Protein chains: 4
Amino acid sequence: MIKRYSNPAIAKIWDDEYTLLLWQATELSAIKARENMGEVTDDVYDEIETVLMTTEIDLEWWRKRDKEIHHDLNAFIDERVRHLESTLHQYFHRKMTSYDTQEPAFATKLIKSLEIIGDLYDTVEAALVALARKYRYTIMNARTHGQEAELQTFGARCLTWLAELRESATVLHQENRGLMFSKLSGAVGKYGSIDPDLEKMALQILGFKPFYGATQIMPRILYLPIAHGVSGVVQVLNKIALDIRLNARSGRPLMREPFSKKQKGSSAMPHKKNPIRCEQIEGMDRMARNFTHMIEENVRTWEERAIEQSSVERVAWPSLFHVTARSLSEMALVLQGLQVYPDNMLLEVYESRGTYGSSEVKEFLKDRMMPLGFSYEDAYRVVQLACFNVFELPSEWLEVRNLVAKDFRHASASLTYVSTLEMPPIDSIQTFIPHGQLRLTDELDISGQDVARYNACLVEIFSKGEVETWQAWIDCFNPAVLLKNEAVLYWEILGE
Amino acid sequence: MIKRYSNPAIAKIWDDEYTLLLWQATELSAIKARENMGEVTDDVYDEIETVLMTTEIDLEWWRKRDKEIHHDLNAFIDERVRHLESTLHQYFHRKMTSYDTQEPAFATKLIKSLEIIGDLYDTVEAALVALARKYRYTIMNARTHGQEAELQTFGARCLTWLAELRESATVLHQENRGLMFSKLSGAVGKYGSIDPDLEKMALQILGFKPFYGATQIMPRILYLPIAHGVSGVVQVLNKIALDIRLNARSGRPLMREPFSKKQKGSSAMPHKKNPIRCEQIEGMDRMARNFTHMIEENVRTWEERAIEQSSVERVAWPSLFHVTARSLSEMALVLQGLQVYPDNMLLEVYESRGTYGSSEVKEFLKDRMMPLGFSYEDAYRVVQLACFNVFELPSEWLEVRNLVAKDFRHASASLTYVSTLEMPPIDSIQTFIPHGQLRLTDELDISGQDVARYNACLVEIFSKGEVETWQAWIDCFNPAVLLKNEAVLYWEILGE
Amino acid sequence: MIKRYSNPAIAKIWDDEYTLLLWQATELSAIKARENMGEVTDDVYDEIETVLMTTEIDLEWWRKRDKEIHHDLNAFIDERVRHLESTLHQYFHRKMTSYDTQEPAFATKLIKSLEIIGDLYDTVEAALVALARKYRYTIMNARTHGQEAELQTFGARCLTWLAELRESATVLHQENRGLMFSKLSGAVGKYGSIDPDLEKMALQILGFKPFYGATQIMPRILYLPIAHGVSGVVQVLNKIALDIRLNARSGRPLMREPFSKKQKGSSAMPHKKNPIRCEQIEGMDRMARNFTHMIEENVRTWEERAIEQSSVERVAWPSLFHVTARSLSEMALVLQGLQVYPDNMLLEVYESRGTYGSSEVKEFLKDRMMPLGFSYEDAYRVVQLACFNVFELPSEWLEVRNLVAKDFRHASASLTYVSTLEMPPIDSIQTFIPHGQLRLTDELDISGQDVARYNACLVEIFSKGEVETWQAWIDCFNPAVLLKNEAVLYWEILGE
Amino acid sequence: MIKRYSNPAIAKIWDDEYTLLLWQATELSAIKARENMGEVTDDVYDEIETVLMTTEIDLEWWRKRDKEIHHDLNAFIDERVRHLESTLHQYFHRKMTSYDTQEPAFATKLIKSLEIIGDLYDTVEAALVALARKYRYTIMNARTHGQEAELQTFGARCLTWLAELRESATVLHQENRGLMFSKLSGAVGKYGSIDPDLEKMALQILGFKPFYGATQIMPRILYLPIAHGVSGVVQVLNKIALDIRLNARSGRPLMREPFSKKQKGSSAMPHKKNPIRCEQIEGMDRMARNFTHMIEENVRTWEERAIEQSSVERVAWPSLFHVTARSLSEMALVLQGLQVYPDNMLLEVYESRGTYGSSEVKEFLKDRMMPLGFSYEDAYRVVQLACFNVFELPSEWLEVRNLVAKDFRHASASLTYVSTLEMPPIDSIQTFIPHGQLRLTDELDISGQDVARYNACLVEIFSKGEVETWQAWIDCFNPAVLLKNEAVLYWEILGE
């Protein structure tokens, strides 16, 4: 991963130095296991361990040797063994194949990387929880298809983000089956020169159980769920980032990612505050999925193994972790510093003209129109018509809507004209429907006769409306009523 | 492809019936070529052709035979040959291998599919051209990062859509190298039993040239650019669809895809008008790219061929064309019926407070501040500060912004309160800057001293401003000036 | 999925008829839940259920209506409700949004599809177990990098296939978290009109628990592990298929997929027996992964949902199950009828000249050469040299190897010449090394002096070799010794 | 890209230093263009150029500044401008947006990278041409489905590799449309502050033409064909690598990638020579395709641009070029040092028992059996039966084939037994068929009666066979006849 997006802790896990230390750990565990099994005397392990732990691995020497013999693990053995007395050479990498050494090291790197990802994840989760709590009663329009839908609180939206993110993160919090196992079963996985008990004991020292059925390597299917899981976290982060970007669109932004005091939005346009962190997470998502797809293809190998997967794993695994770490740390910054604008949320609700209650209103009318001989379909159409009616423009604005500028002078004039117009009044279906003044519209296929019947019906419902009717009507638009059940989300998700 | 998204014309090209007719065409072309080369007498071709053209292929018979012998091409030969006199059998499929018959048929199917796609594409292009012309002077804010940027016309945006779409569509309008060639060179492509001249002649009848270097099949790399090209069209359509969706967000939509009179937006919420066609194109894009990725993998085959690519091609190619056709026909409907709201475009420009001119203003100030001892960086900061200042809220609104509702009663009250507040006045940097009343803001790292220096400077510039200064200043915000160069786009892209 | 690769049982689950029945089941469960909660009287549910269960859904009517209103779920409600008395209309789909109805139906389709896949999987697993048992003592060369490696039994290889396949199949045998939950929480998932208890009760009837934190739809991240899991099964099947293909290469095939008595391998070449089923599984793998990638992208949606995922899911999910079912049923046929050739396996071992023991030999020599002043590296080099030596050609064959034909006459003559040559004798390192007659080779960087030292050493080891030496030596090549530990695999994997 | 797979020349093109130099080049070209247009006086450009060209860019300073303002291009401007006299500041980056500076730089990096790839490609192509020439008459079995098919020369196979590789490489040798254009049209691509003539002139200096219809950035669809093209090269290289790996399988390898004198194949098994370079190319292919898929997704951006594509491009483009360069350089080494074994190729042909002529034989028999009242289907069946017959084992070998070892002692004994058996005689259909001694087989559904009829017919054909019959018969197996048409491939592909 290029430095710009590289996470230092991840980088350390995947660099040569740590890799070689992990290889050494496997080798030592095998010698220790032999000691435990009585195959070698006690001093052998101690002598070897003492030398190796006190003699740093010479990376340059190793790299040079690798270039010569085209075999990195053999080069490592050569580097290590040269520090040992010759009588000890035989105990090192005894009867093992390269991947006996490398597989536990590889699994350890995955485990360590997941730990780092897990820590970063916790910060994001904590930030989401804080937002959910803070904005528990901050109302806003929910949106489906980008269109204003029913009401919700911003806190509850944070809970949906949180719930989805948690689902994506099981890989970080469960014991991953693929990381419980490793192998030390020789060149083709059939224990040709190796006692299965040696494998069991050496792996135990390293924290693993034997996988029975390995070939020269562990079957790569075991690691796929890790990659899929980690990539899934990035995908959900990107879903959250996308929502923030949608809500940060200028004009009437509902929220914004933080913008630092010295930050510049654009070299050309000094007024810009761009959601660049959230946008970057979209880029990270594109990468995370495709790094995972590289890893997926590693399941396909020849017989007891071929080495196609090696280069892919050297590149794709650390890269996947880097982009995941980056996504998490960027998202943490965004959420911790998120600027939320309740004024604009309220304005948006207000200007949506009561349509947030359209579903409730439909049920309200169904219950009252059907006894009067109307169908449930009629109730639907009444609400639809009312909602369309309250968005109809006054004539001076309608004129502007239908105007197509003929040249730039015309365009400039229109711009000036618009700045002088009074904003259209905001009518709400809450007040509109009880008046029974539905109007024909060419947007819907409803006849004048039907409109008349609907209006008569509405007048009847509301004119003879007793207190209960009106109470029920008002409740259709009352946040406290509409959102009372959000409490269950807080209870189930946050336990509060 | 499931029926819902299937294009009938594409379906016909890829169904069994047409496929077998194309196989027959290859077989006949080979016999005709033999006749031309003097290998068989004239009557042979005529007799065979007469019988085959007048005897319909019995698909059921063929399918049953295929099941028995596990070889669709051999089953086809059996079906055809049984109608011929036995003396003619030998001339049919003589010395050919299955893919000698199938490859020209396959290429023909690609060609025919591209024609259908090409026709649909033309409708979309025409709709875009019409929009670009109609809205040539309809101004709107361009947006980068979702943030209002400089001014543009909606017509010019349509031109950028058009220019990108055209780039994606070269595959539809050029002679595709991969479709100029085919093969009839025998079982391993080495002409073991086949005269290269026979190949040349037979392919010529079918409209192809020989590809020298085929194996049993054509190298699949030849067809990749077709898949990539077609998929690219969908990707650009999706970019356009995404822009429309972004602009159709309710509140103050700038445009909307058409909504039919009987359409229902939602089973729950009667007020909804959802951009479902544009959203579907996003789905099509997800499919188009991944169908293409299936096809990509077909390059990897064994030696003189293995048959992994066959199943993939049976599924992925027609599917790719179906989703492309669907995307084009949906987009044609969207663009032809696009509802455009110039009133909201103007309102958005107006409410963006002159920031659309921030880039011009920065240059204006640079030219005038630098002679007064300021740096270009100072000019940048003045504009940035002014832009931030004009968006500052009056105190009653600021209070709402900083309010975090404590319960739903509080939230309801805020909603009511907001509906009673007067909207904040719309100040523009056009009037703000010349007054030299920049204010400190905690959003930027600018000192009070600097603000004072900047204000003094602005006063100097504008107070002693001669007519030229003011003319230049006004031009910074004049659409006719700012957008005059859009004419070059119309000229270069539409030739008008 | 095209008919050729379609599984009828999968097709049935995803067709319109079954889908609508599942939607009906959700609607009924909601009414039943209302009855349980005392919201509606007992007779309401019974009346509705009786009518709906006895009146078939008219698919044509529904399709026509969908075309008109562009909303499949609303069209379904219209179809169903028209059969009910008008007083009952209000109870149907009451306060629900489309995806309240569709989500449990969708999850049920996934569950049913997994059951079918699970059954097919069991057949494959059984076939693998049978092979592993039958060939428990049938020895063959293991291969890494396509090169002959150590010995193994074919039975043990089957166990590695089995172990990997089982790992891929956890999705089929565990309770999948994503399928335990569903939702009935209204248009934006905030229970605007719906009692959380109603959701709990209705879902319980359908076999689900509520997912707290849904939006209008379930978060798509929940279903990703299903797609990844199923696709993983295909990937492992393809790994097995690839191994079979590699082993079926003609010349000296070790195994072959079954070839039916009427089957034709090629229209041109009657002698062909092609592994077309295994090759097709490679095609299925290409599709399975990419269908899954389509599904992956569905995590990215807008706010409380947009509908991009819908078209993708209609296509990709059933397609994924179809290609998985196809892969399993083809693999079952292949494994059940697998033709295994122990003669060729033995021949291959024999002709590999004892190199299968090279690892043991290396350890044997290490133990004996190091006391004589040699390094472990020397032991490695001795084995390497010996292995290269025993593959050296006799002069008449070497001549052929170095011959580059100058024209086709020359080539023909060589072919005839080769047919007259006696095959080179098969020497083994088992007999070669003890003789201490290592030879210089230009393939390795070993000096003549070293070769001499090595030979002297070997002579010393073996000449003064006591019985134990020779016994240890013979054991290096003894299958019973080398493969004794395979028993642990049988025990751990099959429990026998 | 990690260092192991990094190409230094590619790395240089994409590092910060070169990037900033290219940005500087754009800035200078814009100033020069202004000079040409008379907007600035001559000395301005000269002064600026002199300073910038003689003052190295301080990368550390720049990185620090970038971190502060979160804007790399602005930080670059700051770094450069600080070296200029303040009166010159205004001319730098005047009226431009960041991507006006970056786009030509980006396109230049693609062009330079393609040049390096092109050079590496030429080496591979040259190596393939050399192989094709050298082995023009070296015969081998072609293989389809991994099964021996008709004859070919190894030279001709190299030609098919070459032909496919050339098709993949058009991106390297044509003028790529996407690289002919760039942009300098301001913040939203509408020339708000920029004269289109300035764009034209500045781009001309840099070697580009204006793309009319850009937004803030170039439409990303323009660069997709580059990524697809480059990735296609890797895919074809991998197809070649796969063929080499298949042919390098030990036992009877037909060719091998070079193995250096100090190389070690395995830490466990000293005898191994693994095709690790070819295997690595498979890994590179997995990466190349998926890096390209990352790039594909960049077409989807918001309106006049958002910045999701930036991070992806920083990573994916150089990575794609690195893996391509690596694949080419590895393949060059493989092909230049390819060890080819004509002896094994001949042996394989010989042991395939004349089946390479089965297609010719089928035609031979068709022509002669049909006049005797047999069908073309009969001819097919005769050849199929003969081919199956000649592979039937003598009884002692059949016994081994049917033997399933019961324990390891049994297995060992079989191994010894096989080593003592004489190899089965190699019969060829060339001598077998004329004898008319076809035998029943349970592999085919042919009755004893039919076998008898076939034998009688064969006897008739060959017994009364005149010289022409026998001549025609022999030609069915004569390489010179069968492969004479390969000459056309040499002519068409190599012009010789």
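The following paragraphs examine the structure supplied in this document. Values in this document were obtained by computation on a predicted structure and should not be read as measured data.

**Structural notes on the overall build of chain A**
Phase 1 of the analysis: Within chain A, the regular secondary structure consists of 22 helices and 6 strands.
Phase 2 of the analysis: A compact globule built from 496 residues would reach a C-alpha radius of gyration of about 23 Å, whereas chain A, at 33 Å, exceeds it by more than 25%.
Phase 3 of the analysis: Relative to its full complement of 496 residues, chain A shows a buried share of 68%.
Phase 4 of the analysis: Here the analysis covers contacts within chain A between residues at least 6 apart in sequence; of these, 75% occur between residues at least 24 apart.
Phase 5 of the analysis: By element, 51% of the accessible surface of chain A is carried by carbon and sulfur atoms, the whole surface being about 16000 Å².
Phase 6 of the analysis: When the 56 basic and 71 acidic side-chain charges of chain A are each reduced to a single mean position, those positions are 5 Å apart.

**Observations concerning helix H9 (residues 196–206) of chain B**
Residues and elements named next belong to chain B.
Phase 1 of the analysis: Among the residues of H9, those classed as buried are Pro196, Leu198, Glu199, Ala202 and Leu203. When H9 is viewed along its axis, its buried side chains cluster within an angular range of 150° and face the same direction.
Phase 2 of the analysis: Just downstream of H9, glycine 207 is the residue with a positive phi angle, here 95°.

**Some remarks on the interface of chain C and chain A**
Phase 1 of the analysis: On the side of chain A, 90 residues touch chain C, which itself brings 90 residues to the contact.
Phase 2 of the analysis: Of the roughly 7800 Å² buried where chain C meets chain A, counting both sides, 55% is carbon and sulfur surface.
Phase 3 of the analysis: Of all residues in chain C, Glu167, Lys190 and Glu303 of chain C give up the largest surface area on contact with chain A, accounting jointly for 9% of the area buried on that side.
Phase 4 of the analysis: At the surface where chain C touches chain A, the tally comes to 10 salt bridges.
Phase 5 of the analysis: In this structure, the salt-bridge partner of arginine 94 of chain C is aspartate 367 of chain A, at a minimum N-O distance of 3.0 Å.

**Describing the relation of the copies chain C and chain A**
Phase 1 of the analysis: Between chain C and chain A, the superposition needs a rotation of 180° and an axial shift of 0.0 Å, giving an RMSD of 0.1 Å. Such a combination of rotation and displacement between the chain copies is what one expects of a two-fold axis.
Phase 2 of the analysis: Mapped onto chain A, 100% of the interface residues of chain C are again interface residues, and the two copies thus contact each other with one and the same surface.

**Description of the packing of helix H11 (residues 276–296) of chain C against helix H12 (residues 308–336) of chain C**
All names here are of chain C.
Phase 1 of the analysis: In contact at an axis separation of 9 Å, H11 and H12 are set at 155° when each is read in the N-to-C sense. When the axes of H11 and H12 are compared, the pair comes out roughly antiparallel. Read as a crossing pair, H11 and H12 show a hand that is left-handed. Contacts between H11 and H12 pair Arg277, Cys278, Gln280, Ile281, Met284, Met287, Ala288, Phe291, Thr292, Met294 and Ile295 from the former with Val312, Ala316, Trp317, Ser319, Leu320, Val323, Arg326, Ser327, Glu330, Met331, Leu333 and Val334 from the latter.
Phase 2 of the analysis: By residue class, the composition of the contact of H11 with H12 is 16 nonpolar, 4 polar and 3 charged.

**Regarding the nonpolar core**
Nonpolar side chains in soluble globular proteins tend to end up buried together.
Phase 1 of the analysis: Among the nonpolar cores identified, the biggest contains 369 residues, and Trp317 of chain A, Trp317 of chain B, Trp317 of chain C together with Trp317 of chain D are the most heavily contacted of them.
Phase 2 of the analysis: Looking at this core element by element, the count peaks at 14 residues for helix H6 (residues 98–134) of chain B.
Phase 3 of the analysis: For tryptophan 317 of chain B, the contacting residues outside a window of four places in its chain are Trp14, Phe106, Leu110, Tyr223, Ile226, Ala227, Ile295 and Val312 of chain B.

**Quick look at the side chain of threonine 469 of chain D**
Residue and element names in this part refer to chain D.
Phase 1 of the analysis: If you trace the backbone, threonine 469 turns up in helix H20 (residues 467–475).
Phase 2 of the analysis: Of the residues examined, threonine 469 reaches a relative accessible area of 11% and is grouped as buried.
Phase 3 of the analysis: Sequence-distant contacts of threonine 469, defined by excluding residues within four places in its chain, comprise Phe364, Arg368 and Ile461.

**Some words on the relation of the copies chain B and chain D**
Phase 1 of the analysis: With an RMSD of 0.1 Å, the operation that places chain B on chain D is a rotation of 180° combined with a shift of 0.0 Å along the axis.
Phase 2 of the analysis: Of the residues that chain B buries at the interface, 100% are likewise interface residues in chain D, meaning the two copies contact each other through the same surface.

**Regarding the interface of chain B and chain D**
Phase 1 of the analysis: Counting residues at the interface gives 90 residues for chain B, matched by 90 residues for chain D.
Phase 2 of the analysis: Summed over both partners, the interface of chain B with chain D comes to about 7800 Å²; 55% of that surface belongs to carbon and sulfur atoms.
Phase 3 of the analysis: By the criterion of area lost to chain D, the three top residues of chain B are Glu167, Lys190 and Glu303 of chain B, representing 9% of everything that side buries.
Phase 4 of the analysis: Linking chain B with chain D are 9 salt bridges.
Phase 5 of the analysis: The interface formed by chain B and chain D contains 35 residue pairs in polar contact (both at pLDDT 80 or more).

**Notes on the pairing of strand E2 (residues 147–153) of chain D**
Residue and element names in this part refer to chain D.
Phase 1 of the analysis: Taking burial as the measure, the 7 residues of E2 include 7 buried ones, the bulk of the element.
Phase 2 of the analysis: Sheet analysis places strand E1 (residues 139–144) next to E2, joined by 5 bridges and oriented antiparallel. What sits directly across from asparagine 141, in E2, is leucine 151.
Phase 3 of the analysis: Between E1 and the antiparallel strand that follows it, E2, lie 2 residues; histidine 145 among them carries a positive phi value of about 55°.

**Considering the environment of methionine 423 of chain B**
Phase 1 of the analysis: Residue placement: methionine 423 of chain B occurs in the loop between helix H17 (408–420) and helix H18 (429–432).
Phase 2 of the analysis: Distance in space between the C-alpha atoms of methionine 423 of chain B and tryptophan 302 of chain B is 71 Å, their sequence separation being 121 residues.

**Observations regarding the packing of aromatic side chains**
Phase 1 of the analysis: With the rule as written, the count across this model stands at 78 aromatic pairs over all chains.
Phase 2 of the analysis: Among the aromatic residues, those joined into a ring-pair cluster are Tyr356, Phe364, Phe462, Trp470, Trp473 and Phe477 of chain A.
Phase 3 of the analysis: Over the ring of tyrosine 490 of chain A we find arginine 136 of chain A; its NZ or CZ atom is 4.0 Å from the centre of that ring.
Phase 4 of the analysis: Stacked on the ring of phenylalanine 388 of chain C, the Lys or Arg lysine 273 of chain D has its end atom at 4.2 Å from the ring centre.

**Thoughts on a negative patch on the surface**
Residue and element names in this part refer to chain A.
Phase 1 of the analysis: A grouping of Asp42, Asp43, Asp46, Glu47 and Glu85 is seen on the molecular surface, where their side chains present a negatively charged patch.
Phase 2 of the analysis: As for its placement among the helices and strands, glutamate 85 is situated in the loop between helix H5 (72–81) and helix H6 (98–134).
Phase 3 of the analysis: Overall, the relative accessible area of 53% leaves glutamate 85 in the exposed class.

**Considerations on the pattern of salt bridges**
Phase 1 of the analysis: Counted by the stated rule, this structure contains 167 salt bridges over all chains.
Phase 2 of the analysis: Linking glutamate 35 of chain C and lysine 32 of chain C is a salt bridge whose minimum nitrogen-to-oxygen distance equals 3.4 Å. Residue glutamate 35 of chain C and its partner lysine 32 of chain C are located together in helix H2 (residues 16–36), separated by 3 residues, close to a single helical turn.
Phase 3 of the analysis: Relative accessible area serves as the criterion here: at 25%, lysine 32 of chain C is assigned to the partly exposed category.
Phase 4 of the analysis: Residues aspartate 243 of chain C and lysine 239 of chain C are paired through a salt bridge, measuring 2.9 Å at the closest nitrogen-oxygen approach. In this pair, aspartate 243 of chain C and lysine 239 of chain C both sit in helix H10 (residues 224–247), 4 residues apart, roughly one turn of the helix.
Phase 5 of the analysis: If you follow the salt bridges from partner to partner, you end up with Glu282, Asp285, Arg286 and Arg289 of chain A together with Glu297 and Arg300 of chain D in one network.

**Describing the packing of helix H14 (residues 358–369) of chain D against helix H15 (residues 376–390) of chain D**
Residues and elements named next belong to chain D.
Phase 1 of the analysis: At their nearest, the axes of H14 and H15 sit 8 Å apart, and the two run at 135° to each other. Classified by the angle between their axes, H14 and H15 sit oblique to one another. In this structure, H14 crosses over H15, and the sense of that crossing is right-handed. Here Ser358, Val361, Lys362, Leu365, Lys366 and Met369 of H14 lie close against H15, whose contacting residues are Tyr376, Asp378, Ala379, Tyr380, Val382, Val383 and Cys387.

**Overview of the environment of threonine 292 of chain C**
Residues and elements named next belong to chain C.
Phase 1 of the analysis: With respect to the helices and strands, threonine 292 occurs in helix H11.
Phase 2 of the analysis: Distance in space between the C-alpha atoms of threonine 292 and glycine 229 is 9.7 Å, their sequence separation being 63 residues.
Phase 3 of the analysis: Setting aside chain neighbours within four positions, we find threonine 292 in contact with Ala227, His228, Ser231 and Leu320.
Phase 4 of the analysis: In terms of polar contacts, threonine 292 uses its side chain to reach the backbone carbonyl oxygen of alanine 288, at 2.8 Å.

**Quick notes on unusual backbone geometry**
All names here are of chain A.
Phase 1 of the analysis: One non-glycine residue, arginine 353, adopts positive backbone phi at about 65°.
Phase 2 of the analysis: In this structure, arginine 353 sits in the loop between helix H13 (342–351) and helix H14 (358–369).
Phase 3 of the analysis: Given the relative accessible area of 11%, arginine 353 is considered buried.

**A few points about the state of the cysteines**
Phase 1 of the analysis: In total, this model carries 0 disulfides over all chains according to the counting rule given.
Phase 2 of the analysis: Counting only cysteine sulfurs, cysteine 476 of chain B is the nearest neighbor of cysteine 457 of chain B, a cysteine outside any disulfide, at a range of 15 Å.
Phase 3 of the analysis: With no disulfide of its own, cysteine 278 of chain D has cysteine 158 of chain D as its nearest cysteine by sulfur position, at a separation of 13 Å.

Criteria and cut-off values
- Residues numbered from 1 in each chain as written.
- Chains lettered and ligands numbered in written order.
- Predicted model: local features only at pLDDT ≥ 70, side-chain atom pairs only at ≥ 80, totals over all residues.
- Heavy atoms only, no water.
- Helix = DSSP H or I, 4+ residues; strand = E, 2+ residues; numbered from the N terminus.
- Rg over C-alpha atoms; globule rule 2.2 N^0.38 Å.
- Buried < 20%, exposed > 50% of the residue type's maximum accessible area, 1.4 Å probe, protein only.
- Contact = heavy atoms within 4.5 Å.
- Areas by Shrake-Rupley, 256 points an atom, 1.4 Å probe, with all protein chains shown as cover.
- Lys, Arg positive; Asp, Glu negative; His and termini not counted.
- Charge placed at Lys NZ, Arg CZ, Asp CG, Glu CD.
- Arc of directions from axis to C-beta.
- Buried area = accessible area lost by both parts, 1.4 Å probe.
- Salt bridge = Lys/Arg side-chain N within 4 Å of Asp/Glu carboxyl O.
- Least-squares fit on C-alpha atoms with pLDDT ≥ 70 in both.
- Axes fitted to C-alpha atoms, helices over the stretch in contact; angles between N-to-C directions.
- Parallel < 35°, antiparallel > 145°, perpendicular 65-115°, else oblique.
- Left-handed = near helix turned anticlockwise from the far one by under 90°.
- Nonpolar A, V, L, I, M, F, W, Y, C, P; charged D, E, K, R; others polar.
- Core = buried A, V, L, I, M, F, W, Y, C linked by side-chain atoms within 4.5 Å.
- Polar contact = N/O pair within 3.5 Å; in protein donor to acceptor, adjacent residues only side chain to side chain.
- Pairing = 2+ DSSP bridges.
- Phe/Tyr/Trp six-rings, centres within 6.5 Å; stacked < 30°, edge-to-face > 60°.
- Lys NZ or Arg CZ within 6 Å of the ring centre and 35° of its normal.
- Patch = residues over 30% accessible without salt bridge, like charges linked within 9 Å, V, L, I, M, F, W, Y side chains within 5 Å.
- Disulfide = S-S within 2.5 Å.

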